[in-house]
Amino acid sequence: MLALILSLIFSGLGQLYNRRYIKGTVFILLEAAFFITFGKFINLGLWGIRTLGTIPGVDNSIFLLVYGILSLILLALAITVYVFNVLDAYRQAKWIQQGWHVPGMKESITSGYDKSFPYLMTFPGLFLLIFVVIFPLLFMLLLAFTNYTLYNSPPRHLLDWVGLKNFVQLATVPIWKNTFISVFSWTVVWTFAATSLQIGVGMFLAVLVNDKRVKFKRFIRTILILPWAVPAFVSILIFAALFNDEFGAINRNIIIPLFGGDGLPWLNDPFYAKIALIAIQTWLGFPFVFALFTGVLQSISEDWYEAADVDGGTRWQKFRFITFPHLMYATAPLLIMQYAGNFNNFNIIYLFNEGGPPVMGQSAGGTDILISWVYKLTFDTHNYSMAAAISIILGLIVSVFAFFQFRRTRSFKEEGNI
């Protein structure tokens, strides 16, 4: 108990009491160095994140927010080491009471190196994860609870904590509410329609080409995978030109000669623009699914199908009970990622018509999905806090969907029968 109390008073004292002199000295030096090096910075950071500044034009709320987040991360790391120090002192004191022999210096160093080796190897990755992933996420999360807009931006103005005001506005203010419902609905439709179509087309073609009666399989597979070889942004820009209302080949060479009139407003009517986007994404996405399914189909043993033939199975029954389960078992996680990827597929929406055409009474275009709307709020209208609030909602939706679908996927469960 005395070792525990000493460690609570100052890191390393408990280890010294347990006669672990090197470990105790290291803990003492770490705690002392931490307070000397980061003491003032953490004090400033905690004050900054609490107040976001007090003097307009002098205090920069964004910098103070950054200092505050860094201070919280440093404190979290320090608390982790502190708790480890206390538990270590308490555990070793118990062992000593039970007759544990305290190892010598050389033995301690060897044992410590062996135990800490995996953690030492993963520490650079963890360090990178903290500042590349966790820090930006925390910044976005906190920004959603401020009033950071074009007309209230530092250093001229100070930011204020506004609680859930941005989320409440999103649900109650008509222009925000209508835009959010419209954009979210289209995002869901876009995700399921475009992804399901690309999976359906890819699966149909893979099963078709894998049929024994089809000749020149390698040539056909090469042709079908070619769209994947072309950079997506090049294909999207070409399709944008093809669907152009005035000079696009789709209207001039197909629609007008066949049906007359002036052609269809592919870029200026939200309905036709959405159809064009789903068709383009199907074209862009099916080669990957086709290649994926082709690989799985070639790994299915012919014995399964021969056994089904002996039992009198039809083509549909063989597909339903042999081919389809094998395809889903091997590829379901990647297909779920296709849905999550299209939910945030910014490139095609922005490169095709920049989320247009404009819609009266909305702050988003007719084909904007949530991620492209967030982009416009950030870089066009500079409504950073609202963009952060929508990003949180967007992240939660994708995370919950991916988590539950992965949990339901058989390939993530115990390996066994298909």
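Values in this document were obtained by computation on a predicted structure and should not be read as measured data. (Residues numbered from 1 in each chain as written. Predicted model: local features only at pLDDT ≥ 70, side-chain atom pairs only at ≥ 80, totals over all residues. Heavy atoms only, no water.)

(A) Focus on the overall build of the protein chain. In terms of regular secondary structure, the protein chain is built from 16 helices and zero strands. Scaling as 2.2 N^0.38, a compact globule of 418 residues should have a C-alpha radius of gyration of about 22 Å, whereas the protein chain reaches 30 Å, well beyond that. Seen along its three principal axes, the alpha-carbon backbone of the protein chain occupies a region of about 90 × 70 × 35 Å. Counting all 418 residues of the protein chain, 37% fall into the buried class. The contacts of the protein chain with a sequence gap of at least 6 include a subset with a gap of at least 24, amounting to 66%. Counting only carbon and sulfur atoms, one obtains 69% of the accessible surface of the protein chain, whose full area is about 24500 Å². (Helix = DSSP H or I, 4+ residues; strand = E, 2+ residues; numbered from the N terminus. Rg over C-alpha atoms; globule rule 2.2 N^0.38 Å. Buried < 20%, exposed > 50% of the residue type's maximum accessible area, 1.4 Å probe, protein only. Contact = heavy atoms within 4.5 Å. Areas by Shrake-Rupley, 256 points an atom, 1.4 Å probe, with all protein chains shown as cover.)

(B) The arrangement of helix α9 (residues 232-242) in detail. For α9, the full list of buried residues reads S235, I236, F239 and A240. Taken down its axis, α9 places every buried residue within 140 degrees of arc, on the same side. On its buried face, α9 sits against α11 (270-297) and α14 (346-353). (Arc of directions from axis to C-beta.)

(C) Quick peek at the packing of aromatic side chains. All told, the structure shown has 26 aromatic pairs when counted by the stated rule. Taking the centre distance of 5.2 Å and the plane angle of 70 degrees together, the rings of Y350 and Y375 count as edge-to-face. Of the two residues, Y350 is situated in helix α14 and Y375 in helix α15 (residues 370-379); the sequence distance between them amounts to 25 residues. Classification of Y375 as partly exposed rests on a relative accessible area of 27%. Ring pairing ties together the aromatic residues F239, F243, W266, F271, Y272, W283, F286 and F352, which thus form one cluster. (Phe/Tyr/Trp six-rings, centres within 6.5 Å; stacked < 30°, edge-to-face > 60°.)

(D) Representation of the layout of surface pockets within the structure. In this model, the largest pocket occupies a volume close to 2100 Å³. Secondary-structure elements contributing two or more residues to the lining of the largest pocket are α3 (21-51), α4 (61-97) and α5 (105-143). Counting residues per element, the ones that place at least two in the lining of the second largest pocket are α12 (302-310) and α13 (315-343). Its residues assigned to classes, the lining of the second largest pocket shows five nonpolar, three polar and eight charged. (1 Å grid on protein atoms, 1.4 Å probe; cavity = no way out; pocket = protein on both sides within 12 Å on 5 of 7 lines; lining within 4 Å. Points joined across faces, edges and corners; volume = space filled by probe spheres on them. Nonpolar A, V, L, I, M, F, W, Y, C, P; charged D, E, K, R; others polar.)

(E) Representation of the pattern of salt bridges within the structure. Inspection of every chain in the model, using the stated rule, returns seven salt bridges. Between D211 and R213 there is a salt bridge whose closest N-O contact spans 3.0 Å. Under the relative-accessibility criterion, D211 is labelled partly exposed at 22%. The class for R213 is exposed, based on a relative accessible area of 59%. Residue E302 is joined to K212 by a salt bridge in which the shortest nitrogen-to-oxygen separation is 3.5 Å. Here E302, found in helix α12, pairs with K212, found in the loop between α7 (174-209) and α8 (217-229); they are 90 residues apart in sequence, far enough to count as distant. Look at E302 and you get partly exposed, because its relative accessible area is 37%. A relative accessible area of 65% places K212 in the exposed class. (Salt bridge = Lys/Arg side-chain N within 4 Å of Asp/Glu carboxyl O.)

(F) Fine view of α8. Along its 13 residues, α8 runs 18 Å from first to last C-alpha, staying within 8% of the 18 Å computed at 1.5 Å per residue. The principal kink in α8, of about 25 degrees, is found at I223, preceding the proline P227 by one to four residues. (Expected span 1.5 Å × (residues − 1). Bend = angle between axes of the 7 residues up to and from the residue.)

(G) Highlighting the packing of α4 against α5. Between α4 and α5, the shortest axis-to-axis distance is 10 Å and the interhelical angle comes to 125 degrees. Accordingly, the angle class assigned to the pair α4 and α5 is oblique. In the packing of α4 onto α5, the handedness of the crossing is right-handed. Packed against α4, whose contacting residues are I62, L65, V66, I69, L70, I73 and L77, the element α5 presents I130, F131, F135, L138, F139, L142 and L143 at the interface. (Axes fitted to C-alpha atoms, helices over the stretch in contact; angles between N-to-C directions. Parallel < 35°, antiparallel > 145°, perpendicular 65-115°, else oblique. Left-handed = near helix turned anticlockwise from the far one by under 90°.)

(H) Molecular detail of the environment of S301. Tracing the sequence through the fold places S301 in the loop between α11 and α12. Separated by 21 residues in the primary sequence, S301 and I322 have C-alpha atoms spaced 10.0 Å apart.

(I) Focus on the environment of I109. For I109, the location among the structural elements is in helix α5. Judged by its relative accessible area of 52%, I109 is exposed.

(J) Representation of unusual backbone geometry within the structure. Along the chain, P154 connects to P155 via a cis peptide bond; the corresponding omega equals 5 degrees. With respect to the helices and strands, P155 occurs in the loop between α5 and α6 (165-172). Note the cis peptide between G356 and P357, where omega equals 0 degrees. By secondary structure assignment, the location of P357 is in the loop between α14 and α15. Here the phi dihedral of R19 falls at roughly 65 degrees; this positive angle occurs in a residue that is not glycine. The residue R19 is located in the loop between α2 (13-17) and α3 in this model. A positive phi angle, close to 55 degrees, is found at E354, a residue other than glycine. On the secondary structure map, E354 appears in the loop between α14 and α15. Overall, the relative accessible area of 47% leaves E354 in the partly exposed class.

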